[in-house]
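Listed here are the chains, written in short residue letters.
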Amino acid sequence: MQKDFWVFGYGSLMWRPGFSFEKAEPATLHGYNRSFCVYSHYYRGTPARPGLVLGLDPQKDADCRGVAFRISLDQKDAVVAYLTERELCGYAYQAATLPVLLDCGTEIEAYTFVADPTHALYAGDLGLDKAAEVIMCAEGKTGLNRDYLINSVRELEANGYADPHLHELLKKVEYLTGIIEAGAGI
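Just so we're clear, the structure is a prediction, and the values are computed from it rather than from any experiment.

Trainee: Would you mind showing me how to read the packing of aromatic side chains here?
Mentor: Any aromatic ring pair is given by two values, namely how distant the centres are and how the planes are angled relative to each other. Counting across every chain of the model gives 11 aromatic pairs. On the basis of an interplanar angle of 80 degrees and a centroid distance of 5.3 Å, the ring pair of Tyr-111 and Phe-113 is categorised as edge-to-face. Owing to a relative accessible area of 11%, Tyr-111 belongs among the buried residues under this scheme. Since its relative accessible area comes to 2%, Phe-113 is described here as buried. Through pairs of rings, three or more aromatic residues link up here, namely Phe-5, Tyr-93, Tyr-111 and Phe-113.

Written out as C-alpha coordinates, the structure reads:
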(Lines give C-alpha, C1' and ligand atoms only; values in the text may rest on other atoms or scores of the structure.)
Protein backbone atom coordinates (compact mmCIF):
# COMPACT_ATOMS: atom_id res chain seq x y z
CA MET A 1 0.00 0.00 0.00
CA GLN A 2 1.26 3.45 -0.93
CA LYS A 3 2.03 5.55 2.11
CA ASP A 4 3.08 8.91 0.59
CA PHE A 5 2.28 10.90 -2.53
CA TRP A 6 4.68 13.66 -3.53
CA VAL A 7 4.61 16.38 -6.20
CA PHE A 8 7.83 18.03 -7.44
CA GLY A 9 7.59 21.71 -8.37
CA TYR A 10 10.36 23.48 -10.29
CA GLY A 11 8.57 26.57 -11.66
CA SER A 12 5.35 28.30 -10.66
CA LEU A 13 4.35 25.33 -8.49
CA MET A 14 7.12 26.41 -6.10
CA TRP A 15 5.46 29.73 -5.24
CA ARG A 16 1.84 29.02 -6.23
CA PRO A 17 1.08 25.33 -5.88
CA GLY A 18 -2.68 25.84 -5.83
CA PHE A 19 -3.33 22.73 -3.72
CA SER A 20 -3.18 21.76 -0.07
CA PHE A 21 -0.13 19.87 1.11
CA GLU A 22 1.11 18.39 4.36
CA LYS A 23 4.74 19.33 3.94
CA ALA A 24 7.02 21.20 1.51
CA GLU A 25 10.69 20.21 1.35
CA PRO A 26 13.62 21.47 -0.73
CA ALA A 27 14.56 18.77 -3.20
CA THR A 28 16.71 17.92 -6.23
CA LEU A 29 15.78 16.08 -9.39
CA HIS A 30 18.89 14.57 -11.00
CA GLY A 31 19.23 14.19 -14.76
CA TYR A 32 16.97 17.09 -15.78
CA ASN A 33 17.57 20.72 -16.67
CA ARG A 34 15.00 23.48 -15.97
CA SER A 35 14.67 25.91 -18.89
CA PHE A 36 12.24 28.19 -20.69
CA CYS A 37 11.56 25.60 -23.37
CA VAL A 38 7.74 25.53 -23.63
CA TYR A 39 5.59 28.07 -25.47
CA SER A 40 2.61 29.40 -23.51
CA HIS A 41 -0.58 30.33 -25.35
CA TYR A 42 -2.68 30.72 -22.23
CA TYR A 43 -1.15 31.57 -18.85
CA ARG A 44 1.84 33.68 -19.98
CA GLY A 45 1.09 34.34 -23.64
CA THR A 46 -1.50 34.03 -26.39
CA PRO A 47 -1.58 32.19 -29.73
CA ALA A 48 -0.83 35.54 -31.43
CA ARG A 49 2.04 36.35 -29.06
CA PRO A 50 3.25 33.22 -27.27
CA GLY A 51 5.15 33.41 -24.03
CA LEU A 52 7.64 30.95 -22.58
CA VAL A 53 7.31 28.84 -19.46
CA LEU A 54 9.62 26.46 -17.69
CA GLY A 55 9.96 22.81 -18.57
CA LEU A 56 12.26 19.95 -17.66
CA ASP A 57 14.53 18.53 -20.33
CA PRO A 58 16.56 15.37 -19.74
CA GLN A 59 20.26 16.15 -19.41
CA LYS A 60 22.62 13.50 -18.07
CA ASP A 61 24.71 15.62 -15.68
CA ALA A 62 22.07 18.22 -14.75
CA ASP A 63 20.39 18.82 -11.41
CA CYS A 64 17.15 20.73 -10.96
CA ARG A 65 16.47 22.22 -7.54
CA GLY A 66 12.85 22.63 -6.55
CA VAL A 67 10.27 21.86 -3.90
CA ALA A 68 8.69 18.49 -3.11
CA PHE A 69 5.18 18.67 -1.67
CA ARG A 70 3.80 15.77 0.35
CA ILE A 71 0.11 15.37 -0.33
CA SER A 72 -2.41 13.63 1.91
CA LEU A 73 -3.44 10.38 0.21
CA ASP A 74 -7.10 11.32 0.50
CA GLN A 75 -6.28 14.43 -1.61
CA LYS A 76 -4.19 12.63 -4.25
CA ASP A 77 -6.93 12.26 -6.89
CA ALA A 78 -8.05 15.88 -6.50
CA VAL A 79 -4.47 17.17 -6.73
CA VAL A 80 -3.70 15.07 -9.82
CA ALA A 81 -6.93 16.30 -11.46
CA TYR A 82 -6.04 19.91 -10.64
CA LEU A 83 -2.49 19.53 -11.95
CA THR A 84 -3.71 17.79 -15.09
CA GLU A 85 -5.97 20.74 -15.86
CA ARG A 86 -3.32 23.30 -14.95
CA GLU A 87 -0.24 21.74 -16.53
CA LEU A 88 -1.41 19.47 -19.34
CA CYS A 89 -4.10 21.64 -20.92
CA GLY A 90 -2.47 22.66 -24.19
CA TYR A 91 1.11 22.57 -22.97
CA ALA A 92 4.04 20.49 -24.06
CA TYR A 93 4.36 18.42 -20.90
CA GLN A 94 4.12 14.78 -20.00
CA ALA A 95 3.29 13.67 -16.48
CA ALA A 96 6.00 11.50 -14.94
CA THR A 97 6.88 9.97 -11.61
CA LEU A 98 10.60 10.37 -11.01
CA PRO A 99 13.07 9.82 -8.16
CA VAL A 100 13.70 13.04 -6.25
CA LEU A 101 16.20 13.55 -3.44
CA LEU A 102 14.98 15.55 -0.45
CA ASP A 103 17.59 17.75 1.25
CA CYS A 104 17.35 15.53 4.34
CA GLY A 105 18.83 12.69 2.22
CA THR A 106 15.64 10.68 1.65
CA GLU A 107 14.85 9.64 -1.90
CA ILE A 108 11.18 9.73 -2.85
CA GLU A 109 9.13 9.18 -5.98
CA ALA A 110 7.47 12.45 -7.06
CA TYR A 111 4.84 13.29 -9.63
CA THR A 112 6.01 16.06 -11.95
CA PHE A 113 5.90 17.29 -15.54
CA VAL A 114 8.67 16.98 -18.12
CA ALA A 115 8.85 18.73 -21.48
CA ASP A 116 7.63 16.78 -24.50
CA PRO A 117 10.03 17.57 -27.37
CA THR A 118 7.56 16.13 -29.91
CA HIS A 119 4.79 18.60 -28.99
CA ALA A 120 4.07 21.61 -31.23
CA LEU A 121 4.49 24.00 -28.25
CA TYR A 122 7.93 22.69 -27.36
CA ALA A 123 10.32 25.58 -28.02
CA GLY A 124 13.60 23.90 -27.09
CA ASP A 125 16.63 26.10 -26.52
CA LEU A 126 15.92 29.44 -28.21
CA GLY A 127 19.12 31.05 -26.95
CA LEU A 128 19.35 33.96 -24.55
CA ASP A 129 18.43 36.82 -26.90
CA LYS A 130 15.42 35.14 -28.52
CA ALA A 131 14.07 33.83 -25.20
CA ALA A 132 14.38 37.31 -23.64
CA GLU A 133 12.61 38.85 -26.64
CA VAL A 134 9.71 36.38 -26.38
CA ILE A 135 9.40 36.89 -22.61
CA MET A 136 9.47 40.70 -22.95
CA CYS A 137 6.59 40.76 -25.44
CA ALA A 138 4.23 38.19 -23.92
CA GLU A 139 1.29 38.42 -21.55
CA GLY A 140 -1.38 35.84 -20.82
CA LYS A 141 -4.29 35.09 -18.53
CA THR A 142 -2.14 35.15 -15.38
CA GLY A 143 -0.03 38.16 -16.31
CA LEU A 144 3.20 39.29 -17.89
CA ASN A 145 5.63 36.60 -18.98
CA ARG A 146 8.50 38.52 -17.38
CA ASP A 147 6.71 38.34 -14.00
CA TYR A 148 6.80 34.55 -14.30
CA LEU A 149 10.58 34.74 -14.85
CA ILE A 150 11.02 37.19 -11.95
CA ASN A 151 8.91 35.08 -9.58
CA SER A 152 10.79 31.92 -10.56
CA VAL A 153 14.20 33.48 -9.89
CA ARG A 154 13.03 35.05 -6.61
CA GLU A 155 11.66 31.73 -5.36
CA LEU A 156 14.88 29.93 -6.27
CA GLU A 157 16.94 32.58 -4.48
CA ALA A 158 14.64 32.49 -1.42
CA ASN A 159 15.40 28.78 -1.15
CA GLY A 160 19.15 29.32 -1.64
CA TYR A 161 19.21 27.82 -5.14
CA ALA A 162 21.38 29.15 -7.93
CA ASP A 163 20.30 28.76 -11.54
CA PRO A 164 22.86 30.68 -13.60
CA HIS A 165 20.92 30.34 -16.86
CA LEU A 166 17.76 31.87 -15.36
CA HIS A 167 19.76 34.66 -13.70
CA GLU A 168 21.39 35.47 -17.03
CA LEU A 169 17.98 35.52 -18.73
CA LEU A 170 16.59 37.79 -16.01
CA LYS A 171 19.51 40.21 -16.44
CA LYS A 172 18.80 40.38 -20.17
CA VAL A 173 15.07 40.99 -19.55
CA GLU A 174 15.89 43.68 -16.95
CA TYR A 175 18.17 45.36 -19.49
CA LEU A 176 15.43 45.30 -22.14
CA THR A 177 12.89 46.58 -19.60
CA GLY A 178 15.20 49.51 -18.83
CA ILE A 179 15.46 50.36 -22.52
CA ILE A 180 11.66 50.35 -22.85
CA GLU A 181 11.17 52.45 -19.71
CA ALA A 182 13.92 54.90 -20.75
CA GLY A 183 11.94 55.70 -23.87
CA ALA A 184 8.78 56.49 -21.89
CA GLY A 185 9.94 59.94 -20.87
CA ILE A 186 9.22 61.65 -17.56
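Trainee: Honestly, the nonpolar core in this entry has me stumped. Any pointers?
Mentor: Most often, soluble globular proteins keep nonpolar side chains buried together rather than apart. Within the largest apolar cluster, 54 residues are counted, with the highest numbers of intra-cluster contacts made by Val-7 and Phe-36. Here this core gets 9 residues from one element, more than from any other, and that element is strand β3 (residues 51–71). Once residues lying within four places of it in the same chain are set aside, the contact partners of Val-7 are Leu-13, Phe-19, Val-67, Ala-68, Phe-69, Ile-71, Val-79, Leu-83, Ala-110 and Tyr-111.

Trainee: Hey, could you run me through the environment of Asn-33 in this one?
Mentor: Along the chain, the position of Asn-33 falls in strand β2 (residues 23–40). Asn-33 sits in the partly exposed class, given a relative accessible area of 28%. Sequence spacing of Asn-33 and Cys-64 is 31 residues, and the spatial spacing of their C-alpha atoms is 5.7 Å. Setting aside anything within four residues of it in sequence, one finds Asn-33 in contact with Gly-55, Leu-56, Asp-57, Gln-59 and Ala-62.

Conventions adopted
For every chain, the first residue of the written sequence is number 1, and numbering continues from 1 onward in sequence order. Only residues with pLDDT of 70 or above have their local features reported here, since the model is predicted, and side-chain atom pairs are shown and tallied only from 80 upward, although totals for entire chains, interfaces and linings are computed over all residues. Side-chain calculation: all heavy atoms of the structure are included, whereas hydrogens and water are not. Any Phe, Tyr or Trp ring, taking Trp's six-membered ring, that has another such ring centre within 6.5 Å forms a pair; planes under 30 degrees apart are called stacked, those over 60 apart edge-to-face, and the others tilted. Relative accessibility thresholds used throughout: buried, under 20% of the residue-type maximum; exposed, over 50%; partly exposed, between the two (1.4 Å probe, protein chains only). As used in this record, nonpolar core signifies buried Ala, Val, Leu, Ile, Met, Phe, Trp, Tyr and Cys residues forming a set joined through side-chain atoms within 4.5 Å. Only DSSP runs of H or I reaching four residues or more are called helices, and only runs of E reaching two or more are called strands; each is numbered from the N terminus. Residue contacts are defined here by distance: any two heavy atoms, one from each residue, within 4.5 Å place the two residues in contact.

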